[in-house]
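Residues per chain, in single letters:
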Amino acid sequence: MQPTTDFHQAELNAAQAMRSWGFLDAVATTGGSDGGVDVRAHDALAQVKWRTNATGRPEVQQLVGARGSGRQKLFFFSKSGYTRQAVAYADTMSVALFVIDAVGGVTPVNGHARPYGAKWWALPFVGITRDDWVVLGLFTLALVGAAVFWLLYLG
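Because the structure is predicted, anything quoted here is derived from the model rather than measured. (Residues numbered from 1 in each chain as written. Predicted model: local features only at pLDDT ≥ 70, side-chain atom pairs only at ≥ 80, totals over all residues. Heavy atoms only, no water.)

A. Summary view of the side chain of Thr 55. Tracing the chain through its elements places Thr 55 in the loop between β3 (44-49) and α2 (57-67). Looking at Thr 55, its side chain comes within polar contact range of the side chain of Ser 78, at 2.9 Å. Contacts of Thr 55, omitting those with residues within four sequence positions, involve Lys 49, Val 60, Phe 76, Ser 78, Gly 81, Tyr 82, Thr 83 and Ala 86. (Helix = DSSP H or I, 4+ residues; strand = E, 2+ residues; numbered from the N terminus. Polar contact = N/O pair within 3.5 Å; in protein donor to acceptor, adjacent residues only side chain to side chain. Contact = heavy atoms within 4.5 Å.)

B. Layout of the environment of Asp 43. Tracing the backbone through its elements, the reader meets Asp 43 in the loop between β2 (39-41) and β3. Sequence separation between Asp 43 and Asp 25 is 18 residues, and the spatial gap between their C-alpha atoms is 8.9 Å. Excluding anything up to four places from it in sequence, Asp 43 contacts Phe 23, Gln 72 and Lys 73.

C. Summary view of the sheet that holds strand β5 (residues 95-100). Ordered in space as β1-β2-β3-β4-β5-β6, the six strands form an open sheet in which the pairing is mixed. Where the open sheet ends on each side, the last strands, each with one partner, are β1 (27-28) and β6 (106-108). As paired strands, β3 and strand β4 (residues 73-78) are joined by six bridges and run parallel to one another. Within β4, the residue paired with Val 48 across the bridge is Phe 77. Helix-sheet contacts for helix α1 (residues 7-20) involve β1, β2, β3, β4, β5 and β6, and the interaxial angle to β3 is about 150°. Sitting on the sheet, α2 is in contact with β3, β4 and β5, with an inclination near 150° to β4. (Pairing = 2+ DSSP bridges. Axes fitted to C-alpha atoms, helices over the stretch in contact; angles between N-to-C directions.)

D. The pairing of β3, seen in detail. Within β3, six of the six residues are buried, leaving the element largely enclosed by the surrounding structure. Burial along β3 is two-sided: the face carrying Ala 44, Ala 46 and Val 48 and the face carrying Leu 45, Gln 47 and Lys 49 are both buried. Both β2 and β3 contribute to a ladder of three bridges, which runs antiparallel. Of the residues in β3, the one forming a bridge with Arg 40 is Leu 45. Taken together, β2 and the strand that follows it, β3, pair antiparallel across an intervening segment of two residues. (Buried < 20%, exposed > 50% of the residue type's maximum accessible area, 1.4 Å probe, protein only.)

E. Spotlight on the pairing of β5. The buried fraction of β5 is high, at five of six residues. One ladder, built from five bridges, connects β4 with β5; its direction is parallel. Its bridge partner lying in β5, Leu 74 is registered against Val 95. Between β4 and its parallel partner β5, the chain crosses via helix α3 (residues 84-93), and the hand of that crossover is right-handed. Sheet topology places β5 next to β6; three bridges connect them, and they run antiparallel. Each residue of the ladder has a partner; that of Val 99, found in β6, is Thr 107. Between the end of β5 and the start of β6, which pair antiparallel, lie five residues, with Gly 104 showing a positive phi angle near 90°. (Right-handed = clockwise from strand over helix to strand, strands pointing away.)

This is the structure in structure tokens:
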């Protein structure tokens, strides 16, 4: 992915991400009125927002409306994240939400996005925060310490 400096590159990066997930015909619909769709593929549609404020529910609703009665998978890419209302609505409508960053990275936000935003081997770890890793590390250290104590002094 290319570094993202503007909305056009964000759309191109979103299309590239979708192609990497198997939507091989994903193309950015740059220029003109897009009707709420910035990336199109036969089996998927995506909207991309490259701005400083969080994406709200109305924008996610616009993407759902753009699909109409079709069965395409829906993806939303936002530079600044999402409001709680947007995430709740996306969850009920099966819209995969991602944050797209300035270096071209794509991070899953909700459960519908996780299978696309991570490699198969990383799925058990998607959503684990830095604090979770710290707690897991401390727990592991305590467990190893207890085992060593038991072996040296009690065993």
